[in-house]
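# Observations on the model geometry
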Amino acid sequence: MDVATCVGCGVCVKVCPFNVPLVTKKETAEISQKRCQGCGVCVPYCKTNSIYMHYSLNTEAYSSDKGDPRGLRYPLDKNAIEAGLALRDMLGGKVWILAEGPPQFEESVREALVMGADEGILLCDSKFLGSDHVASSLILEQAFKKIGGCDLLIAPQRNGHGEPLSSVAWVAERLGMSYIPFVKSLKSAEETVLVQQNWGGKLLEMSVSLPAALTVERGINEPRGLSLMASARVMGKTVSHWSSEELNLDSSQIGEAGSHVRLKSIQALPRSKGKKRKGGDMLKGSPEVLAQALVERLKEWRVL
Amino acid sequence: MSSREIKNIILVVEEGAEGLADISRQLVTAGLKYKTEWGSHLSAFLPVDMNGSAATTLAKSGPDVVYQTDDTLIKKHPHEASVACLIQLINKLKADVVLFGASELGTDMAARAAARLETGLLQKIIDLELDPEDGNLVGVFMGFQDQLICKAKFGVSKPVIATVKPKVFTPATETNDSVGVEKIGLPQDSQEFRITITQSLEPVADMPDLESAEVIIAGGQGVGGEDGFAMLEELARLLGGAVGCTLPPVEQGWMDRDLMIGSTGKTVRPKVYIGCGIHGDVYHTSGMDESERIVVINDNDKTPFFDFATCGLLGDLHEVIPHLIEKIRNEMRNL
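Please read these numbers as outputs of a predicted model, since none were measured by experiment.

What counts, and at which threshold
All residue numbers refer to position in the chain's written sequence, counted from 1. The naming scheme follows written order: chains are lettered A onward, ligands numbered 1 onward. Predicted model: local features are reported for residues with pLDDT of at least 70 only, side-chain atom pairs are reported and counted for 80 or more only, and whole-chain, interface and lining totals are derived from all residues. Strand pairing follows a simple DSSP-based rule, namely that at least 2 bridges must link the two strands. Helix and strand assignments follow DSSP, with helices taken as H or I runs no shorter than four residues and strands as E runs no shorter than two, numbered in order from the N terminus. Working convention: axes come from line fits to C-alpha atoms, limited for helices to the stretch in contact. Angles between N-to-C directions cover 0 to 180 degrees. One fewer than the residue count of a helix, multiplied by 1.5 Å, yields its expected span. Exposure classes come from backbone-placed C-beta atoms, where a residue is buried if 20 or more other C-beta atoms lie within 10 Å of its own, exposed if 12 or fewer do, and partly exposed in between. Here contacts are defined at the residue level, using C-beta atoms placed from the backbone and a cut-off of 7 Å between them. Each residue gets one label: Ala, Val, Leu, Ile, Met, Phe, Trp, Tyr, Cys and Pro are nonpolar, Asp, Glu, Lys and Arg are charged, and the others, such as Gly, are polar. Should an angle fall under 35 degrees it is called roughly parallel, over 145 degrees roughly antiparallel, and 65 to 115 degrees roughly perpendicular, with every other angle called oblique. A crossing counts as left-handed when the near helix is turned anticlockwise from the far one by less than a right angle, and as right-handed when that turn is clockwise. Residue-level confidence of the predictor, termed pLDDT, takes values from 0 up to 100. Buried Ala, Val, Leu, Ile, Met, Phe, Trp, Tyr and Cys residues form a nonpolar core when they are connected through C-beta atoms within 7 Å.

This brings us to the sheet that holds strand E10 (residues 195–201) of chain B. With mixed pairing, 6 strands are arranged side by side in an open sheet as E5(A)-E9(A)-E6(A)-E7(A)-E8(A)-E10(B). Both edges of this open sheet fall to strand E5 (152–156) of chain A together with E10 of chain B, since each of them pairs with a single strand only. If you compare each strand with its neighbour and ignore which way they point, the axes differ by 40° on average. Bridge count between strand E6 (residues 178–189) of chain A and strand E7 (residues 192–199) of chain A: 6 bridges; the pairing is antiparallel. Within E7(A), the position partnered with Lys187(A) by the bridge is Leu194(A).

Bringing helix H4 (residues 78–91) of chain A into the picture now. Residues and elements named next belong to chain A. Taking 1.5 Å per residue, 14 residues should reach 20 Å; H4 reaches 20 Å between its end C-alpha atoms and fits that length. Among all positions of H4, only Lys78, Ala80, Ile81, Glu82, Ala83, Gly84 and Leu85 are buried. Looking at the buried positions of H4, the neighbouring elements they touch are strand E3 (96–100), helix H5 (106–115), E5, E6 and strand E9 (212–216). After H4 finishes, the residue Gly92 shows a positive phi value of roughly 85°.

The next subject is the interface of chain B and chain A. Of the residues lining the interface, 76 residues belong to chain B; the matching set on chain A comes to 64 residues. The biggest single contributor to the side of chain B that touches chain A is helix H5 (residues 104–117) of chain B, with 8 residues. When grouped by side-chain class, the residues that make up the side of chain B that touches chain A number 34 nonpolar, 22 polar and 20 charged. Bridge count between strand E12 (residues 281–283) of chain A and strand E15 (residues 311–314) of chain B: 3 bridges; the pairing is parallel. Note on E15(B): the bridge partner recorded for Met282(A) is Gly312(B).

Let us now look at the packing of helix H6 (residues 226–238) of chain B against helix H9 (residues 317–334) of chain B. Residue and element names in this part refer to chain B. Two numbers describe how H6 lies on H9: the axes approach to 10 Å, and their chain directions differ by 25°. If you check the angle between H6 and H9, you find them roughly parallel. Once H6 is placed against H9, the crossing between them reads as left-handed. Of the residues in H9, those touching H6 at Gly228, Met231, Glu234, Leu235 and Leu238 are His318, Ile321, Leu324, Ile325, Ile328 and Arg329. Per-class residue counts for the contact of H6 with H9 are 7 nonpolar, 2 polar and 2 charged.

This part covers the confidence of the model for chain B. Residues and elements named next belong to chain B. When the pLDDT values of chain B are averaged, the result is 89; 96% of them are 70 or greater. When mean pLDDT is taken per element in chain B, strand E1 (residues 8–12) scores highest with 97 and helix H8 (residues 282–285) scores lowest with 85. The ipTM assigned to the predicted complex is 0.78, against a pTM of 0.77.

In this section: the nonpolar core. All names here are of chain B. If you look at the biggest cluster of nonpolar residues, it comprises 122 residues, and the most contacted ones within it are Leu11 and Leu99. Of all the elements, H5 adds the most residues to this core, at 8 residues. Look past the residues within four positions of Leu11 in its chain and what remains in contact with it is Leu27, Val28, Gly31, Leu42, Ala44, Phe45, Pro63 and Leu99. Judged by nonpolar contacts, the second largest core, of 48 residues, contains Ala218, Ile294, Val320 and Ile328.

Next up, the structure:
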């Protein structure tokens, strides 16, 4: 935090999923490095560019308390959960939720149980931090083996930062599953699933043999709502926490040690502030004249 | 310590509506840059070429050699067959670096290939550099909604696989010189196929993402409601663009929060940005002021947003836009 430039607007307090920043009496924000999860969500929100990120693995978050009683705003991807629940409702079977994160994520897993998932497991260990696609896939792979495998693995297309969740490809490769990302629609058929995907400029429809691992797009379905009744029903259910020990993973296989790609540095992008353009023309006239003038411009700019 | 040599680079490209896809032309530019910097041999691999014109374009765009598949199975099982061919090519050339465009096809194939080869992968890089200390490759990428520049170092496992973010490199142009096109077949030991194409359709014209759209029609409080935004959407579809908004329409429930542009939403940089009924607070403008051309439509000449305009239209958007839609339709008919 740069206290000299912070204006104490409080936007970081609002957006932080972990309730870490506080605005102090001096009207500047304070971000506890111990509690910060380093998700980076607040950085682009800060209007004065006062928040800096340092690269270090924050293991403290895993040993700290359960966080704020107001709960977390770091929801799991409901579309992926809905896709699984809809198939189960039709075909039977069981939906397991696997999530990886600090202990505070338990609430999010619980929400998936309220939606109707059968079991919830939180893969939670500070040793998982710093894992790249390869190492995270190993964690997932072990977890799948522990629950006895599955027919269909459904994951969101993008992680919390909007990046493609490619670790699923490794899990699929190692467990001999078909892998399809960017899934836009999903139907079950005998021994296969029928999916649609945009690929190479075409909309492809294909049949995919089970077991399969899919990452699904946001628009694939309309997730169901949460009911009070359902939340009462899952009150007694526990979310198991699995650490590297339970998954029989050695610390050399996971985290930074097990990764092929390691984060080296993070730097804030210098942002230009409100460039005003002088010399723009102001067109006046009837709506029709204005519309015609804009059409001419659009042609000149080659967007028409 | 001696610098790790980058002898062979493979670019994996895809066909577009006409010839080579735009993202692949950008990828070729990136490849040519690294070829010059590191003195590497640059190969380009085109797994699928349904129209048959992409290979010709590619051969004239700058790589040292072009590889193409000639197996009919690739049309039926493109996902698995193209990766099988690529892996074969990587092994044959002992490739050090394999680059893809960060499209659906590229993102998908990159992950498959990296998983099969158990090697490191970075998505959406904006640059690659060599670490001056140990000569290992370092990928530069934008993190956290494109607000931070991150660098990540690849380990020693080869090849290094990455997808290149769209619109970072300018598309390569065709020259008169053409290089040879070599055909590669499917390896003999290919596994059974698990993914079979049942139908290949023309894609439904999805609205592009705000971040990648070349044209954005944005609306503010002045749009007045969902009907107004439906009109903006119609205009956006005509121009192949996307619709965005400011905070008030989100608060009113007219628009989804995902479509908000500004300091608490998306940051956009289209070729043409058309802002309708927007006041122009810094919370919005900080997310769009890098746009190449800005059109502002508003009926209040005191609106601060006019200060940002390349071209301002002083008029009621509810009257101007229907005329605009009609005129654009006419233009398209005349083409």
